[in-house]
Amino acid sequence: MNCLVLGGAGFIGRHLCRSLIAAGHVVKACDLPPVGGVGWPGIDGVNWQAGDFANAEFLAENLIDTEVVFHLVSTTIPKTSNDDPHADLQKNVAATLRLLDAVIRHPRPPRVIFVSSGGTVYGIPKTIPIPEEHPTDPLCAYGVGKLAIEKYLALYGHLHRLDYRILRMANPYGPEQPLSRGQGVIPVFISRALQHEPLEIWGDGSVVRDYFHIDDLCAALLATIDYQGSERIFNIGSGSGCSLIELIDIIRELLQHDVAVRFLPARACDVPVNILDISRARTHLGWWPRIPLKEGIGSVLTRLRTL
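This section reports on the structure supplied with the text. (Residues numbered from 1 in each chain as written. Predicted model: local features only at pLDDT ≥ 70, side-chain atom pairs only at ≥ 80, totals over all residues. Heavy atoms only, no water.)

## Some words on the layout of surface pockets
The space that makes up the second largest pocket amounts to roughly 260 Å³. Together, 13 residues line the second largest pocket, and T66, E67, R108, P109 and P110 are the ones closest to its centre. (1 Å grid on protein atoms, 1.4 Å probe; cavity = no way out; pocket = protein on both sides within 12 Å on 5 of 7 lines; lining within 4 Å. Points joined across faces, edges and corners; volume = space filled by probe spheres on them.)

Printed below as a string of structure tokens:
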């Protein structure tokens, strides 16, 4: 299939591009132009296009001959999105509407696969694990924006017969995850531990998250390409939880030395526990996570030790 990856130079995007190429797909990837002398990720077979996601003309040009669009773009992160909800609305939600308008004007509209946030759209859970039917009450603008995009996808599906699927992902991690964005606790913890710096925890460390490996996320995205069933929304995660304290214990065990921890005040945007029910994806996509948490963290540790 001819695939367009929006946000292709990011953490998820570059792993997805590699997976698509390995599976025999034709891949075009769009992202902002590289800055600071850094070039495009070195992935053979990918047609890289530099441009702004908010540019409707740029989007329309790159939709030509496209059969599947992967929408991975996000300009904000959960912990800072509440600082400027207006920016989140304009740069993510409004820009996505321009994408959807370009898609429905296409002679043969492609399928849109949107990566949403299972970690934020549900808010404080009423049941664990959290099924797709759970109420959606996000506590941050990031989650509100993701949910708004989901609703617009459904609206365009109703009005224009847009073919779409939504993956509500938990907390992906893996090699090449950036340390600078403030998102992705596993590589940040490992990096600081390798440098014998204290790990900073917001709250008492009891916050539980659903961590799963980037390779498992890419497998779910690929499984969604050919899915022809009626389900539109899928939770994607490990299906199990790990607290920050437990995460640090795993890192200590792998490093075989103690790790200092600094506790900071809890944040209002953090829900106490988030574990996704992934049974729908297992039943309908034939997908389930294959990489155990300790094994996956070990792969990140190996990678960071070589840097």
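## Remarks on the packing of aromatic side chains
Going through the model one piece at a time under the given rule, you end up with one aromatic pair. Plain terms: the ring middles of Y227 and F234 are 5.4 Å apart, the flat faces sit at 85 degrees to each other, and that makes the pair edge-to-face. For Y227, a relative accessible area of 9% translates into the label buried. (Phe/Tyr/Trp six-rings, centres within 6.5 Å; stacked < 30°, edge-to-face > 60°. Buried < 20%, exposed > 50% of the residue type's maximum accessible area, 1.4 Å probe, protein only.)

## Describing the sheet that holds strand β11 (residues 233-236)
Spatial ordering of the open sheet is given by β3-β2-β1-β4-β5-β6-β11, a layout of seven strands whose pairing is parallel. Sheet topology places β3 (46-50) and β11 at the edges, where each strand pairs with a single neighbour. Taking the axes of each pair of neighbouring strands and ignoring which way they run, one obtains an average angle of 20 degrees across the sheet. Pairing of strand β1 (residues 2-6) with strand β2 (residues 26-31) involves five bridges; the strand directions are parallel. Paired with L6 across the two strands is C30, which belongs to β2. (Pairing = 2+ DSSP bridges. Helix = DSSP H or I, 4+ residues; strand = E, 2+ residues; numbered from the N terminus. Axes fitted to C-alpha atoms, helices over the stretch in contact; angles between N-to-C directions.)

## What to know about the nonpolar core
Grouped together as the largest cluster of nonpolar side chains are 41 residues, with contacts concentrated most on V5, L16, L20, F70, L221 and I236. Look past the residues within four positions of L16 in its chain and what remains in contact with it is V5, F70, L72, C218, L221 and L222. If you look at the next biggest cluster of nonpolar residues, it comprises 23 residues, including L4, L6, C30 and L162. (Core = buried A, V, L, I, M, F, W, Y, C linked by side-chain atoms within 4.5 Å. Contact = heavy atoms within 4.5 Å.)

## Structural notes on unusual backbone geometry
The amide bond that connects I128 to the next residue, P129, takes the cis arrangement and shows omega of 0 degrees. Here P129 shows up in the loop between β5 (111-117) and α5 (141-160). Unlike most non-glycine residues, D65 shows phi in positive territory, near 70 degrees. Note on placement: D65 falls in the loop between α2 (56-62) and β4 (68-71). D65 gets classed as exposed once you look at its relative accessible area, which sits at 58%. Of note, R161 is a non-glycine position whose phi angle comes to about 60 degrees, a positive value.

## Quick notes on the packing of helix α6 (residues 185-194) against helix α8 (residues 244-255)
Relative to each other, α6 and α8 sit at 45 degrees, their axes nearing to 11 Å. Regarding the angle of α6 to α8, the classification is oblique. In this structure, the crossing between α6 and α8 has a hand that is right-handed. Along its contact with α6, which presents V185, I186, F189, I190, A193 and L194, the element α8 presents L244, L247, I248, I251 and L255. (Parallel < 35°, antiparallel > 145°, perpendicular 65-115°, else oblique. Left-handed = near helix turned anticlockwise from the far one by under 90°.)

## Re the side chain of K28
If you trace the backbone, K28 turns up in strand β2. Each residue touching K28, except ones within four places of it in the same chain, is listed here: C3, L4, V5, N47, Q49, E61, N62 and I64.

## Considerations on α8
With twelve residues, α8 should reach 16 Å at 1.5 Å per residue; the first-to-last C-alpha distance of 16 Å fits that figure. Within the span of α8, buried status applies to L244, L247, I248, I250, I251 and L255. For α8, the angular spread of the buried residues around the axis is 155 degrees, confining them to a single face. Its buried side turned inward, α8 meets α6, β8 (199-202), β10 (211-213), β12 (242-243), β13 (261-264) and α10 (293-305). (Expected span 1.5 Å × (residues − 1). Arc of directions from axis to C-beta.)

## Notes on the side chain of N274
By the element assignment, N274 lies in the loop between β13 and α9 (279-284). Beyond its immediate stretch of four places on either side in the chain, N274 contacts G118, G119, I130, V208, R209 and D210.

## Focus: empty space enclosed by the protein
Evaluated as defined, the whole model comprises one cavity of 30 Å³ or more. Lining of the largest cavity is provided by V73, S74, T76, D88, N92, Y142, G145, K146 and I149. Looking at which element gives the most residues to the lining of the largest cavity, the answer is α5, with four residues. For the lining of the largest cavity, a count of residues per class yields three nonpolar, four polar and two charged. (Nonpolar A, V, L, I, M, F, W, Y, C, P; charged D, E, K, R; others polar.)

## Let's talk about α5
Helix length check: α5 (20 residues) gives 27 Å between terminal C-alpha atoms against 28 Å at 1.5 Å per residue, within 8%. When we look at burial in α5, the residues that qualify are A141, Y142, G143, G145, K146, L147, I149, E150, L153 and Y156. On the buried face of α5, the contacting elements are α3 (78-81), α4 (85-105), β5, β6 (164-169) and β11.

## Section: the pairing of β2
Burial within β2 is extensive, with five of its six residues counted as buried. For the segment spanning β1, helix α1 (residues 11-22) and β2, crossover handedness is right-handed. As defined by bridge partners, β2 adjoins β3 across five bridges and the pair is classed as parallel. Among the inter-strand pairings, V27 is bridged to a residue of β3, identified as V46. (Right-handed = clockwise from strand over helix to strand, strands pointing away.)

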